[in-house]
Amino acid sequence: MRQLAAGVAVLTVKDDRDDLGTTVATLMSVSLDPPLVLVSLDSAGYLAEVLLRRDRWAASLLADGQQAVASRFAAAGRPGARLLLAGAAHHRGEHSEALVVDGGVAAIEAETTQVVPAGDHTLFVGAVLGVDYVDAQKSPLVRLRSRYRTVQ
């Protein structure tokens, strides 16, 4: 699957007083009517555990130039999302209260409607609650062969 380019996004969720997040390359559209998206997370990860009790989350689709943000959220043993976004423009989502990274190609907020165990991962299907922004002028950040790439 390393041979398949995938868009890079940062998935965030607000859990009580903490903000959590991770970099994902497995975010996809499932349905246009109703608008549904799917994200796949490692079932053993803490974020998957949190999403089982917190239904609302945000996904910021990163743009070229946001490789540092993607790397911070992908690092093992990372601190809370607020610390990871220090110095990077961001705001709280209106529908999810999750942190939304500014400056990407798009950002959505969703509410989990279905959870599907799939091997060592869990699939979270979410109904789109809102599209925070879309910037079609920017090039998306993609991951291919274990490296961040740009689309030209």
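Residues numbered from 1 in each chain as written. Predicted model: local features only at pLDDT ≥ 70, side-chain atom pairs only at ≥ 80, totals over all residues. Heavy atoms only, no water.

Peer 1: For this particular structure, what's the right way to read a positive patch on the surface?
Peer 2: A contiguous patch of positive charge on the surface is contributed by Arg2, Arg143, Arg145, Arg147 and Arg149. Inspection of the secondary structure puts arginine 147 in strand β12 (residues 147-150). (Patch = residues over 30% accessible without salt bridge, like charges linked within 9 Å, V, L, I, M, F, W, Y side chains within 5 Å. Areas by Shrake-Rupley, 256 points an atom, 1.4 Å probe, with all protein chains shown as cover. Salt bridge = Lys/Arg side-chain N within 4 Å of Asp/Glu carboxyl O. Lys, Arg positive; Asp, Glu negative; His and termini not counted. Charge placed at Lys NZ, Arg CZ, Asp CG, Glu CD. Helix = DSSP H or I, 4+ residues; strand = E, 2+ residues; numbered from the N terminus.)

Peer 1: What should I look at first to understand the environment of valine 69 in this one?
Peer 2: Residue placement: valine 69 occurs in helix α2 (residues 67-74). Sequence spacing of valine 69 and alanine 88 is 19 residues, and the spatial spacing of their C-alpha atoms is 8.0 Å. For valine 69, the contacting residues outside a window of four places in its chain are Val10, Thr23, Leu85, Ala88 and Val101. (Contact = heavy atoms within 4.5 Å.)

Peer 1: Hey, could you run me through the pattern of salt bridges in this one?
Peer 2: Pairing between side chains of opposite charge can happen when the charged atoms of each approach one another. By the definition in use, this model includes eight salt bridges. When the shortest N-O distance is used, the salt bridge between aspartate 18 and arginine 82 registers 3.9 Å. Taken together, the residues aspartate 18 in strand β3 (residues 18-24) and arginine 82 in helix α3 (residues 81-84) connect sequence positions 64 residues apart. Owing to a relative accessible area of 35%, aspartate 18 belongs among the partly exposed residues under this scheme. According to the relative accessible area criterion, arginine 82 is partly exposed, its value standing at 43%. A salt bridge links glutamate 111 to arginine 56; the shortest N-O distance between them is 3.6 Å. One end of the pair, glutamate 111, is in strand β9 (residues 106-118); the other, arginine 56, is in strand β6 (residues 56-61), with 55 residues separating them in the sequence. (Buried < 20%, exposed > 50% of the residue type's maximum accessible area, 1.4 Å probe, protein only.)

Peer 1: Looking at this structure, I do not really get the layout of surface pockets. What am I missing?
Peer 2: If a probe the size of a water molecule is rolled over the atoms, the empty space left behind becomes visible. A volume near 790 Å³ is recorded for the largest pocket. As for the largest pocket, its lining consists of 32 residues, and the residues nearest its centre are Thr23, Val24, Ala25, Thr26 and Ser40. Elements represented by at least two residues in the lining of the largest pocket include exactly β3, β5 (35-42), α1 (46-51) and β11 (141-144). Per-element tally for the lining of the largest pocket: the top contributor is β3, with six residues. In terms of residue class, the lining of the largest pocket is made up of 16 nonpolar, 10 polar and six charged. Here the second largest pocket defines a volume of roughly 240 Å³. Along its surface, the second largest pocket is lined by 19 residues, and Leu27, Met28, Ser29, Val37 and Leu61 are the ones closest to its centre. (1 Å grid on protein atoms, 1.4 Å probe; cavity = no way out; pocket = protein on both sides within 12 Å on 5 of 7 lines; lining within 4 Å. Points joined across faces, edges and corners; volume = space filled by probe spheres on them. Nonpolar A, V, L, I, M, F, W, Y, C, P; charged D, E, K, R; others polar.)

Peer 1: Please clarify how the nonpolar core should be interpreted in this entry.
Peer 2: Soluble globular proteins tend to bury their nonpolar side chains together. Judged by nonpolar contacts, the single largest core of 17 residues is most densely connected at Leu11, Val13, Val39, Leu41, Leu51 and Trp57. Looking at this core, the elements that each hand over two or more residues are β2 (9-15), β3, β5, α1, β6 and β9. It is α1 that provides the largest number of residues to this core, a total of four residues. Apart from the residues lying within four places of it in its own chain, the contact partners of valine 39 are Leu11, Val24, Thr26, Leu27, Trp57, Thr122, Leu123 and Phe124. (Core = buried A, V, L, I, M, F, W, Y, C linked by side-chain atoms within 4.5 Å.)

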